[in-house]
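Breakdown of the fold
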Amino acid sequence: MFYNNFDNVHGEDRYGMVGKTGDGFRENRQLEVSCYRCHKEPLVIAERNWMDTNQDDSQRYQIVVACEHCGAVDEFIVNDGREGKIGKLKHGKQPVSPAQLN
């Protein structure tokens, strides 16, 4: 029997691993990105929705974020076409990186 130890990976979804490596975009975490409507920080990750599997076997996710101040909702894609590629915010047009997570 084989046993995989994923103790040091923080990006598992409810079914196991997310692609080859985990990512930190989890629900209820904060992003140090300003809102497109009120221009205040932070945005809170409200939802993480699985979309499909990329050609490199990584999982593509839609991340929905909400502003704590005005309630505006925005979204971006993690693993957009390949592992590690993160898309821009749909309405805010700002790039997002794991370094902006709190």
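The shown structure was predicted, so the numbers you read here are calculated from the model rather than taken from an experiment. (Residues numbered from 1 in each chain as written. Predicted model: local features only at pLDDT ≥ 70, side-chain atom pairs only at ≥ 80, totals over all residues. Heavy atoms only, no water.)

With respect to the nonpolar core
In globular proteins that are soluble, nonpolar side chains generally tend to be buried together. Within the largest apolar cluster, 16 residues are counted, with the highest numbers of intra-cluster contacts made by Phe25, Leu31, Leu43, Ile63, Val65, Phe76 and Leu89. For this core, the secondary structure elements donating two or more residues are strand S2 (43–53), strand S3 (59–67) and strand S4 (73–78). Sort the elements by how many residues they give to this core and S3 lands first, with four residues. Filtering out sequence-adjacent residues up to four positions away, Phe25 remains in contact with Leu31, Ile45, Arg48, Ile63, Phe76, Val78, Ile86, Val96, Ser97, Pro98 and Leu101. (Core = buried A, V, L, I, M, F, W, Y, C linked by side-chain atoms within 4.5 Å. Buried < 20%, exposed > 50% of the residue type's maximum accessible area, 1.4 Å probe, protein only. Helix = DSSP H or I, 4+ residues; strand = E, 2+ residues; numbered from the N terminus. Contact = heavy atoms within 4.5 Å.)

Points about the environment of Gln94
Relative to the helices and strands, Gln94 is located in the segment after S4. Judged by relative accessible area, Gln94 falls into the partly exposed class, the value being 24%. Sequence spacing of Gln94 and Phe76 is 18 residues, and the spatial spacing of their C-alpha atoms is 9.6 Å.

Observations concerning the packing of aromatic side chains
Enumeration according to the criterion identifies one aromatic pair in this entry. Seen in terms of ring centroids, Phe25 and Phe76 are 5.4 Å apart; in terms of plane orientation they differ by 75°. Their pairing is edge-to-face. Taken together, the residues span a long stretch of sequence, with Phe25 in the segment before strand S1 (30–31) and Phe76 in strand S4 at a distance of 51 residues. Assessed through its relative accessible area of 1%, Phe25 is described here as buried. Directly above the aromatic system of Tyr61 lies the positively charged group of Arg48, at a separation of 4.1 Å from the ring centroid. (Phe/Tyr/Trp six-rings, centres within 6.5 Å; stacked < 30°, edge-to-face > 60°. Lys NZ or Arg CZ within 6 Å of the ring centre and 35° of its normal.)

Focus: the pattern of salt bridges
Close approach of charged atoms allows side chains with opposite charge to pair. One pass over the structure, following the stated rule, counts one salt bridge. With a closest N to O distance of 3.1 Å, Asp52 and Arg60 form a salt bridge. A residue is classified by how much of its surface remains accessible, and Arg60, at 21% relative accessible area, is partly exposed. (Salt bridge = Lys/Arg side-chain N within 4 Å of Asp/Glu carboxyl O.)

Comments concerning the side chain of Gln62
Take Gln62: it is sitting in strand S3. Here the side chain of Gln62 touches Glu75 through a polar contact of 3.2 Å, side chain to side chain. Sequence-distant contacts of Gln62, defined by excluding residues within four places in its chain, comprise Glu47, Arg48, Asn49, Met51, Glu75, Phe76 and Ile77. (Polar contact = N/O pair within 3.5 Å; in protein donor to acceptor, adjacent residues only side chain to side chain.)

Some words on the sheet that holds S3
Each strand in a sheet pairs with its neighbour through backbone hydrogen bonds, running either in the same direction (parallel) or in the opposite one (antiparallel). Sheet architecture is open: four strands sit in the order S1-S2-S3-S4, paired in antiparallel fashion. Taken across any chain shown, the strands that pair with only one partner, and hence form the sheet edges, are S1 and S4. As judged from the nine bridges shared by S2 and S3, these two strands associate in the antiparallel manner. Bridge pairing links Ile45 to Val65 in S3. (Pairing = 2+ DSSP bridges.)

Don't take any of this as a statement about function, it's just geometry.
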